[in-house]
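Structural features, examined
Spelled out from the first residue to the last, the chains are:
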Amino acid sequence: MTKETVHGVLIECVQGDIASRPDMQAVVNAANAQLLPGGGVAGALHCAAGPGLEQECRPLAPIRPGQAVISGAHNLPNEHVIHCLGPVYGVDEPADKLLADCYRNAVQLAEEYKLASIAFPSISTGAFGYPKKEATEVAFRTLVEILPRLKALQHIRFVLFSAADMHLHEDVFNALVHEDSRNA
Ligand code: ADP
């Protein structure tokens with residue numbers, strides 16, 4: 001597990017299930033356009049949240065690739081769920097910009113709601129087929145760039161399902177943070 005404070009924000013990568021993060025104010029859903037349960041992250045979050053989440057989401061849908069919307073967390077142990085629609089790799093273009101928009105828009109919502117902590121999954125790298133290394137680079141580049149402007153957010157956590165994905169995130173993060181500090 002990697003943990004490092006960058007521009008006053010604690011960034012960490014852990015292995016596990018994003019639906020059981022009781023210490024985070026918001027968890028991010030790798031949503032589908034209709035904000036329906038589905039599989040992967042959306043399935044796990046809706047299952048733990050209960051049917052109230054789907055009901056609350058219905059009037060917010062559909063959302064566009066890159067967009068983020070916020071809801072309550074219902075039976076999840078959090079205050080909010082931030083739903084992001086990642087790009088379907090090879091279909092929604094430009095994929096890197098749309099994926100970066102997800103992270104940027106999710107963080108912006110967290111700031112608007114004055115949330116101190118947010119947990120992300122690796123958006124678009126499951127059913128949507130985005131190559132994992134490239135997606136991880138987009139995620140961290142986007143976050144590292146906006147860290148200096150954050151006011152409310154103090155803690156960003158990546159929750160990765162597999163050990164391999166966690167190690168990939170640690171490697172990409174460490175490389176980027178050291179690149180960032182050399183350029184500072
Ligand atoms: P997308 O449709 O955006 O690709 P998925 O939910 O299919 O979203 O997958 C996104 C990533 O989340 C994948 O790397 C997948 O392995 C991982 N994942 C799936 N379920 C969970 C979970 N419960 N907690 C954390 N990560 C998960």
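Here, the structure is the one placed above.
Below is a summary of the structure that appears in this document. Keep in mind that what you see is a predicted model, and the values were worked out from it rather than measured.

Time to look at the overall build of the protein chain. A count of helical and extended segments in the protein chain gives five helices and seven strands. When the elements of the protein chain are put in sequence order from the N terminus, they spell out β-β-β-α-α-β-β-α-β-α-β-α. Against the globule reference of 16 Å for 184 residues, the protein chain gives a C-alpha radius of gyration of 15 Å, in line with a compact fold. Counting only C-alpha atoms, the protein chain reaches 45 × 35 × 30 Å along its principal axes. By the burial criterion, 53% of the 184 residues in the protein chain qualify as buried. Pairs at least 24 apart in sequence give 68% of the contacts found in the protein chain among residues at least 6 apart. For the protein chain, the exposed surface amounts to about 8,300 Å²; the carbon and sulfur share of it is 53%.

What follows covers the packing of aromatic side chains. Here the structure, examined in full by the defined rule, presents six aromatic pairs. Measuring from ring centre to ring centre gives 4.9 Å for Tyr 103 and Phe 120, while their planes differ by 45°; the resulting arrangement is tilted. Placement of Tyr 103 in helix α3 (residues 95–112) and of Phe 120 in strand β6 (residues 117–120) is noted, with a sequence separation of 17 residues between them. We note that Tyr 103, like Phe 120, is buried. For the pair Phe 140 and Phe 173, a centre-to-centre distance of 5.1 Å together with 40° between the ring planes defines the contact as tilted. Residue Phe 140 is found in helix α4 (residues 132–146), and its partner Phe 173 is found in helix α5 (residues 163–183); the two are separated by 33 residues along the sequence. For Phe 140, a relative accessible area of 1% gives the class buried.

Moving on, we get to the pattern of salt bridges. Counted under the stated rule, the structure contains seven salt bridges. Close ionic contact of Glu 137 with Lys 133 constitutes a salt bridge, the shortest N to O distance being 3.1 Å. Of this pair, Glu 137 and Lys 133 both sit in helix α4, four residues apart, which is roughly one turn of the helix. Among the charged side chains, a network of salt bridges with common partners joins Glu 12, Asp 23 and Arg 157.

Glancing now at the environment of Glu 12. Within the element layout of this structure, Glu 12 appears in strand β2 (residues 9–15). Overall, Glu 12 belongs to the buried group, its relative accessible area being 2%. Along the backbone, Glu 12 and Cys 102 are 90 residues apart, and their C-alpha atoms lie at a distance of 19 Å. Side-chain polar atoms of Glu 12 contact the side chain of His 155, separated by 2.7 Å.

The environment of the ligand is made up of 17 residues, and the closest members are Asp 17, Val 41, Ser 124, Thr 125 and Gly 126. At a separation of 2.8 Å, a nitrogen atom of the ligand approaches a polar side-chain atom of Asp 17. Between the ligand and Ile 18 there is a distance of 3.0 Å, counted from a nitrogen atom to a backbone nitrogen or oxygen. Calculation on the ligand without its partners gives an accessible area of 560 Å², and the protein chains cover 89% of this total. No other element matches helix α1 (residues 40–49), which puts three residues into the shell around the ligand. Within the shell around the ligand, the residues separate by chemical class into nine nonpolar, six polar and two charged.

On any regular strand, side chains alternate: one points to one face of the sheet, the next to the other face. For strand β5 (residues 80–84), a buried count of five out of five residues is recorded, marking the element as mostly surrounded by other parts of the structure. Side chains His 80, Ile 82 and Cys 84 of β5 all project onto a buried face; the interleaved residues Val 81 and His 83 project onto the opposite face, where all are buried too. Bridge count for strand β3 (residues 26–30) against β5 is five bridges, and the pairing is parallel. Pairing of Ala 26 across the sheet is with His 80, part of β5. Where strand β4 (residues 68–72) meets β5, five bridges bridge the pair, whose relative direction is antiparallel. Bridging across to β5, Val 69 finds its partner in His 83.

Conventions and cut-offs
Each chain has its residues counted from 1, following the order in which its sequence is written. Reporting of local features is limited, given that this is a predicted model, to residues whose pLDDT is at least 70; pairs of side-chain atoms are given and counted only at 80 or more, and all residues count toward the totals for whole chains, interfaces and linings. As a convention, hydrogens and water are excluded, and side-chain values are obtained from all of the structure's heavy atoms. Elements are defined by DSSP. Helices are runs of H or I of four residues or more, strands are runs of E of two residues or more, and each kind is numbered from the N terminus. C-alpha atoms define the radius of gyration, and 2.2 Å times the number of residues to the power 0.38 defines the globule rule. Residue exposure (1.4 Å probe, protein chains only): buried if accessible area is under 20% of the type maximum, exposed if over 50%, otherwise partly exposed. Throughout, a residue-residue contact means that at least one pair of heavy atoms, one from each residue, lies within 4.5 Å. Using a 1.4 Å probe, accessible areas were evaluated by the Shrake-Rupley method; residue-level cover was limited to the displayed protein chains. A pair of Phe, Tyr and Trp rings is counted when the ring centres sit within 6.5 Å of each other, with Trp represented by its six-membered ring. The angle between the planes then sorts it: under 30 degrees is stacked, over 60 is edge-to-face, the rest tilted. Whenever Lys or Arg places a side-chain nitrogen within 4 Å of a carboxyl oxygen from Asp or Glu, that contact is recorded as a salt bridge. Identification of polar contacts relies on pairs of N or O atoms within 3.5 Å, with a donor-acceptor requirement for protein atoms, meaning one able to donate a hydrogen and the other able to accept it, and with residues adjacent in sequence counted only if both atoms are side-chain atoms. Throughout, the term near means that a residue has one or more heavy atoms lying within 4 Å of the molecule or strand in question. Under the grouping applied here, Gly and all other residues not named as nonpolar or charged are polar, the nonpolar ones being Ala, Val, Leu, Ile, Met, Phe, Trp, Tyr, Cys and Pro and the charged ones Asp, Glu, Lys and Arg. Whether two strands pair depends on DSSP finding at least two bridges between them.

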